[in-house]
Amino acid sequence: MSTEENRDIYGKCNNPHGHGHNYALEVTVSGRVDPATGMVCNLVDLDGFVEREVLSRYNLENLNTLKEFARTVPTTENLCIEIFEILHRGFDKAHLERVRLEETMMNSFEYCGS
Amino acid sequence: MVYLTRKAEFSASHYYHNPDFSPEENQRLFGKCNNPNGHGHNYTLEVTVKGEVDPRSGFVVDLKQLKEVMHREVLDAMDHRFLNKEVPDFFQKIPTTENLAIAIWQRLETKLQQARLHRVRVYETPDLFVDFYGEN
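Summarised in this report is the structure supplied together with it.

A few points about the packing of helix α2 (residues 43-58) of chain A against helix α3 (residues 76-90) of chain A
Residues and elements named next belong to chain A.
Working step 1: Running from N to C, α2 and α3 cross one another at 130°; their axes reach a closest spacing of 10 Å. Here α2 lies oblique to α3, going by the angle between them. The interaxial crossing formed by α2 with α3 has right-handed handedness. Within the contact between the two elements, α2 uses F49, E53 and V54 and α3 uses I83, I86 and G90.
Working step 2: Its residues placed into classes, the contact of α2 with α3 shows four nonpolar, one polar and one charged.

Following this line, the structure appears as structure tokens:
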């Protein structure tokens, strides 16, 4: 896109110095309750996976510098899809239902897979 | 398919009354909400749209445009209004939160560009909300 088109579509978000958000991530998994543990999955496993594979990758990073956003604009739509795919590929302790990402208190995005 | 939700807040007043019912029946059914002088709420509106992410922009919908449509179609018409007397949607209908969600859906449905309307959620109070997904 041209400089003008970028400015027109993205407005303040087109500032090349970037800007930050305090994202809030919600991961929803589903499954039968294990009669032995009373759990759908061990939250320690889910928390550990999200911490290791998602938060350590994205927290306090400039998203535009990461390889997944080298050719893709790091809108919250695309970040939401990317996080879903990371979980979908790697987390096998329960069925991934949904990833919900809050960009601000007023905006949120959900992706349930293609 | 990505779902995007945008929130907005507005304040409005209303009262519940059905002219087909007797005063006693209205009082019994609607209780304190039947007071014809009305009472107010700070409503929170959540509008969810759905669509595929545009590969060029990375957007499901232009958020600025969605905000403008929500302001023009809903907030400009309803914020700080007495719903029963000032908003035509409720001249014939009781402005319950159910009917409010439906009215907001009808106001927004045809005005959205790019993405499709998925859900309208209206919080009347923090512990009570209504969801409307359209008739189909």
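A closer look at the packing of helix α2 (residues 63-78) of chain B against helix α4 (residues 97-109) of chain B
Residues and elements named next belong to chain B.
Working step 1: Running from N to C, α2 and α4 cross one another at 130°; their axes reach a closest spacing of 10 Å. As summarised for this structure, α2 and α4 are arranged oblique, according to the angle between their axes. Once α2 is placed against α4, the crossing between them reads as right-handed. Residues V69, E73 and V74 of α2 touch α4, and the partners they reach there are I104, R107 and L108.
Working step 2: Among the residues forming the contact of α2 with α4, the class breakdown is four nonpolar, no polar and two charged.

Cut-off values and rules
- Residues numbered from 1 in each chain as written.
- Chains lettered and ligands numbered in written order.
- Predicted model: local features only at pLDDT ≥ 70, side-chain atom pairs only at ≥ 80, totals over all residues.
- Axes fitted to C-alpha atoms, helices over the stretch in contact; angles between N-to-C directions.
- Helix = DSSP H or I, 4+ residues; strand = E, 2+ residues; numbered from the N terminus.
- Parallel < 35°, antiparallel > 145°, perpendicular 65-115°, else oblique.
- Left-handed = near helix turned anticlockwise from the far one by under 90°.
- Contact = placed C-beta atoms within 7 Å.
- Nonpolar A, V, L, I, M, F, W, Y, C, P; charged D, E, K, R; others polar.

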